Amino acid sequence: MRDSVTVSAPGKLVLFGEHAVVYGQPCIVTAVGQRMQMTMRKTDDKTLVIDAPDVNLRGYSKPIAELGKGNVPKSAQFIEHAVRAFCETHPIQGGLTIATSSEFSAKLGFGSSSAVVVCAIKAMALCMDVKLTDRAVFDLSFTTVMDIQKKGSGVDIAAAVYGGTLLFKRAGELIEPLAVEIPIVVGYTGVKSDTVTILNDIAQRATRDRKRIESLYSAMGELTMQAKSAIERGDWKAVGELMNRNQQLLSDLGVSSEKLDALIAAARAAGAFGAKLSGAGRGDCMVAIVPDEKRPAVIDAIRRAGGESIDVPVGVEGVRAEAPERDI
Ligand code: PMV
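Below or above, wherever it landed, is the structure these notes cover.

1. Description of the overall build of the protein chain
Thinking step 1. When you go through the protein chain residue by residue, the secondary structure sums to nine helices and twelve strands.
Thinking step 2. For 328 residues, the compact-globule estimate of 2.2 N^0.38 gives 20 Å, and the protein chain sits close to it at 20 Å.
Thinking step 3. Over its C-alpha atoms, taken along the principal directions, the protein chain stretches across nearly 60 × 45 × 35 Å.
Thinking step 4. The buried share among the 328 residues of the protein chain stands at 55%.
Thinking step 5. Distance from the positive charge centre (39 side chains) to the negative charge centre (39 side chains) of the protein chain: 4 Å.

Structure follows, in structure tokens:
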């Protein structure tokens, strides 16, 4: 049993099948090499104390017995609910202090809420000496996030737990690693998008236009399976073309934006095999599949079109304990 532990989990980018994955279709996600880090220390006073300066939360404290009750500020809710979920199955004696720091800004849409939940569950298991499989960490994290957000597929959580590049179905019905290095360029629009608002908006529209939206989702699912084969063959030209087709479907769904369209068009014109938005859309990031020799030109084109190029490795390791442990 340890008195304190430091863990970290990666962010994610969805490469194919976002939105459709919420409704049962497969998607492809890759873990990105910017990580959420969390240090957890056991204390004696039956209180949870959280310091999360990235979301302006300092010295937040709540009795362990009260977790999840009363008014929980937005910046504390993912950690507080994760600790409560763990304690429900593995009651703890004392209290905890938790400090987080993130290599990526919450604005990017890399999935910081899910990464922080995965870190909290993993850190608690290590601190309390409870053996949890990756699957158990995924399941407990998924339940926690669904309790708060009500909507979502769990794709961010799978990337944070397992890392690598994954073929994934909602709630972890399928989690299949794809062992490849992906020649990717990432551009950020500068616009923060709110996933739950967008999901609710599309769900609302689906009540009027169900057939059309369902057919978009099943077309996205088919593209994702074709993309899986193309990725496994390393046929990046085909992967790029499939991205372009996926982008068209996302645009038809109504989740692209002028800025995303501009960055995507710039990347294609500068020699990318293909490009699309990544994640919920209407902002956040776009991704492009790019031949090595065109990389500098594509990065430059994204900047000229008003985007920020984000230089991140992909397919990185999932949640892990960090050594040496930092002091908090
Ligand atoms: O968290 P975001 O904004 O990158 O979106 C993830 C992908 C969605 O399919 C839009 C939502 C989900 O939970 O799968």
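From this point on, the discussion continues.
2. Details of the pairing of strand β8 (residues 184-188)
Thinking step 1. The buried fraction of β8 is high, at five of five residues.
Thinking step 2. Taking every second residue as pointing to the same face, both faces of β8 are buried, with Ile184, Val186 and Tyr188 on one and Val185 and Gly187 on the other.
Thinking step 3. Across five bridges, the pairing between β8 and strand β10 (residues 285-289) is antiparallel. Opposite Val185, over in β10, you have Ala288 as the bridge partner.
Thinking step 4. Where β8 meets strand β11 (residues 308-310), three bridges bridge the pair, whose relative direction is antiparallel.

3. Section: the site of the ligand
Thinking step 1. In the vicinity of the ligand, 13 residues are found, and the nearest of them are Lys12, His19, Ser153, Thr195 and Ala280.
Thinking step 2. Contact distances for the ligand include 2.8 Å between an oxygen atom and a side-chain N or O atom of Lys12.
Thinking step 3. If the ligand stood free it would expose 380 Å²; the protein chains cover 94% of that surface.

4. Thoughts on the sheet that holds strand β9 (residues 274-278)
Thinking step 1. Read from one edge of the open sheet, four strands run β9-β10-β8-β11, paired in antiparallel fashion. Among the strands making up the open sheet, the edge pair consists of β9 and β11. Going across the sheet, the axis of each strand differs from the next one's by a mean of 30°, ignoring polarity.
Thinking step 2. Taken together, the five bridges between β9 and β10 define a ladder with antiparallel strand orientation. Opposite Ala275, over in β10, you have Ala288 as the bridge partner.

5. Some details on the packing of aromatic side chains
The description of two aromatic rings rests on the distance between their centres and on the angle between their planes.
Thinking step 1. Scanning the entire structure with this criterion turns up three aromatic pairs.
Thinking step 2. On the basis of an interplanar angle of 10° and a centroid distance of 5.9 Å, the ring pair of Phe138 and Phe142 is categorised as stacked. Of this pair, Phe138 and Phe142 both sit in helix α3 (residues 134-149), separated by four residues, roughly a single helical turn.
Thinking step 3. An aromatic cluster of three or more residues is present, and its members are Phe138, Phe142 and Phe168.

6. Things to note about the pattern of salt bridges
Thinking step 1. Scanning all chains against the criterion turns up 15 salt bridges.
Thinking step 2. Between Asp235 and Arg233 there is a salt bridge, with the nearest N and O atoms lying 3.4 Å from each other.
Thinking step 3. A relative accessible area of 29% means that Asp235 is categorised as partly exposed.
Thinking step 4. Of the charged contacts in the structure, one is a salt bridge between Arg320 and Glu317, with a shortest N-O distance of 3.0 Å.
Thinking step 5. Residue classification places Arg320 among the partly exposed residues on the basis of a relative accessible area of 25%.
Thinking step 6. A relative accessible area of 46% means that Glu317 is categorised as partly exposed.
Thinking step 7. Linked by salt bridges that have partners in common, Glu176, Lys228 and Glu232 make up one network.

7. Brief notes about the environment of Ala275
Thinking step 1. Tracing the sequence through the fold places Ala275 in strand β9.
Thinking step 2. Look at Ala275 and you get buried, because its relative accessible area is 0%.
Thinking step 3. Beyond its immediate chain neighbours, meaning those up to four positions away, Ala275 contacts Gly240, Met243, Asn244, Gln247, Ile264, Ala267, Arg268, Met286, Val287 and Ala288.

8. Details of helix α4 (residues 155-162)
Thinking step 1. Counting buried positions along α4 gives six out of eight residues, so the element sits mostly inside the fold.
Thinking step 2. Within α4, the full set of buried residues consists of Val155, Ile157, Ala158, Ala159, Ala160 and Val161.
Thinking step 3. Residues of α4 that are buried sit in contact with β1 (4-16), β2 (27-43), α2 (112-127), α3 and β6 (165-169).
Thinking step 4. Gly163 occupies a position one or two residues after α4 and carries a positive phi of about 65°.

9. Details of the nonpolar core
Thinking step 1. Phe16, Met38, Met40, Val83, Phe110, Met124 and Met286 are the most contacted members of the largest nonpolar core, which totals 121 residues.
Thinking step 2. Leave out the neighbours within four places in its chain, and Met38 touches Val5, Thr6, Val7, Ile79, Ile98, Ala99, Thr100, Val116, Cys119, Ala120 and Ala123.

10. Quick notes on the side chain of Gln34
Thinking step 1. For Gln34, the position within the fold is in strand β2.
Thinking step 2. According to the relative accessible area criterion, Gln34 is buried, its value standing at 17%.
Thinking step 3. Residues in contact with Gln34, not counting those within four places in the same chain, are Ala9, Pro10, Gly11, Glu103, Phe104, Leu108, Phe110, Ile310 and Val312.

Definitions and cut-offs
- Residues numbered from 1 in each chain as written.
- Predicted model: local features only at pLDDT ≥ 70, side-chain atom pairs only at ≥ 80, totals over all residues.
- Heavy atoms only, no water.
- Helix = DSSP H or I, 4+ residues; strand = E, 2+ residues; numbered from the N terminus.
- Rg over C-alpha atoms; globule rule 2.2 N^0.38 Å.
- Buried < 20%, exposed > 50% of the residue type's maximum accessible area, 1.4 Å probe, protein only.
- Lys, Arg positive; Asp, Glu negative; His and termini not counted.
- Charge placed at Lys NZ, Arg CZ, Asp CG, Glu CD.
- Pairing = 2+ DSSP bridges.
- Near = heavy atom within 4 Å.
- Polar contact = N/O pair within 3.5 Å; in protein donor to acceptor, adjacent residues only side chain to side chain.
- Areas by Shrake-Rupley, 256 points an atom, 1.4 Å probe, with all protein chains shown as cover.
- Axes fitted to C-alpha atoms, helices over the stretch in contact; angles between N-to-C directions.
- Phe/Tyr/Trp six-rings, centres within 6.5 Å; stacked < 30°, edge-to-face > 60°.
- Salt bridge = Lys/Arg side-chain N within 4 Å of Asp/Glu carboxyl O.
- Contact = heavy atoms within 4.5 Å.
- Core = buried A, V, L, I, M, F, W, Y, C linked by side-chain atoms within 4.5 Å.

Interpretation note: all reported values are geometric properties and have no functional meaning in isolation.
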